[in-house]
Amino acid sequence: MEPQSHPDQIRTDIDSSRRDTSEVAVMLNMSTSWVYKEASKLGLKGYKLGRGRNAKVLYKRAEVFKWLEQQKIH
C-alpha cells in the first residue's frame, strides 16, 4: 500500500506549475482586472477552482511564459 500524499504537498505541486490571477498580473506588470479581461485574448486558459464570484482562477505558468516569449521585440 502506497503512502498517501498530504494535502499541502498536493497543493504545492499545483502551485508550482500554475499561477493565480494576481501573480500573473505582477508577472505582466498589469492589473488583475486587465488579466481577467484580456487572458482569453492572449490565449491564456484559466482554470477555475471553486464556485461563484470568489472562485480562484489559475493559469498555467508555461502558457504565461510562452505568451511573454512571443512578445519579444526582434
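Heads up: the structure comes first, above all this text.
Conventions adopted
- Sequence order as written defines residue numbering, which begins from 1 separately in each chain.
- Per-residue local features of the predicted model are confined to residues with pLDDT of at least 70, and side-chain atom pairs are confined, for both listing and counting, to 80 or more; whole-chain, interface and lining totals are unaffected and use all residues.
- Just so you know, side-chain values use all the structure's heavy atoms and leave hydrogens and water out.
- Each helix is a run of DSSP H or I of at least 4 residues and each strand a run of E of at least 2, with the numbering of both proceeding from the N terminus.
- Here the term buried applies to any residue with accessible area under 20% of the maximum for its type, exposed to any over 50%, and partly exposed to those in between, with areas from a 1.4 Å probe on protein chains only.
- Computed with a 1.4 Å probe, the accessible areas rest on the Shrake-Rupley method; for each residue, only the protein chains presented here act as cover.
- Only strands that DSSP links by at least two bridges are regarded as paired with each other.
- For helices, the fitted line uses only the C-alpha atoms of the stretch in contact; every axis is such a line through C-alpha atoms, and the angle between N-to-C directions lies from 0 to 180 degrees.
- Taking the helix axis as origin, the arc is that swept by the directions to the C-beta atoms.
- Two residues qualify as a contact provided that any one of their heavy atoms is within 4.5 Å of a heavy atom in the partner residue.
- By definition, a salt bridge exists where a carboxyl oxygen of Asp or Glu is found within 4 Å of a side-chain nitrogen of Lys or Arg.

Enquirer: Is there a simple way to think about the overall build of the protein chain in this case?
Expert: Broken down by element type, the protein chain carries four helices and three strands. Counting helices and strands in the order they occur from the N terminus, the protein chain gives α-β-α-α-β-β-α. In the protein chain, which comprises 74 residues, the share counted as buried stands at 22%. Taken as a whole, the protein chain presents about 6100 Å² of accessible surface, with 51% of it coming from carbon and sulfur.

Enquirer: How do you make sense of the sheet that holds strand 3 (residues 56-60) when you look at a structure like this?
Expert: Within a sheet, adjacent strands bond to each other through the backbone by hydrogen bonds, running parallel or antiparallel. The strand order 1-3-2 describes an open sheet built from three strands, whose pairing is antiparallel. Edge positions in the open sheet fall to strand 1 (18-20) and strand 2 (46-49), since each of these has one partner strand only. Strand-to-strand twist across the sheet, computed as the mean angle between neighbouring axes with direction ignored, equals 35 degrees. Both strand 1 and strand 3 contribute to a ladder of three bridges, which runs antiparallel. The residue of strand 3 that forms the bridge with Asp20 is Leu58.

Enquirer: Explain helix 2 (residues 21-28) here, please?
Expert: Helical geometry: 3.6 residues make up each α-helical turn, so side chains three or four residues apart lie on a common side. If you check which residues of helix 2 are buried, you get Thr21, Val24, Ala25 and Leu28. Buried residues of helix 2 fall within an arc of 105 degrees about the axis and therefore sit on the same side. For helix 2, the elements touching its buried residues are strand 1, helix 3 (32-42), strand 3 and helix 4 (61-70). Taken from the residues just after helix 2, Asn29 is the one with a positive phi, measuring 60 degrees.

Enquirer: Explanation requested: the pattern of salt bridges in the structure shown.
Expert: Two side chains of opposite charge can pair, provided their charged atoms sit close to one another. The final tally for this structure, using the stated rule, is three salt bridges. Lys41 is the partner of Glu38 in a salt bridge, and the nearest nitrogen-oxygen pair spans 3.6 Å. With Glu38 and Lys41 both in helix 3, this residue pair falls three residues apart, about one helical turn. The class of Lys41 is exposed, set by a relative accessible area of 64%.

Enquirer: Sorry if this is basic, but what is going on with the side chain of Thr21 here?
Expert: Its location among the elements puts Thr21 in helix 2. Those residues in contact with Thr21, other than ones at most four positions away along the chain, are Thr32, Val35, Tyr36, Val57 and Tyr59.

Enquirer: Help me understand the pairing of strand 3 in this model?
Expert: In regular strands, side chains alternate between the two faces of the sheet. By the bridge criterion, four bridges tie strand 2 to strand 3 in an arrangement that is antiparallel. Paired with Gly46 across the strands is Tyr59, a residue of strand 3. Adjacent in sequence and paired antiparallel, strand 2 and strand 3 are bridged by six residues, among which Gly50 carries a positive phi angle near 100 degrees.

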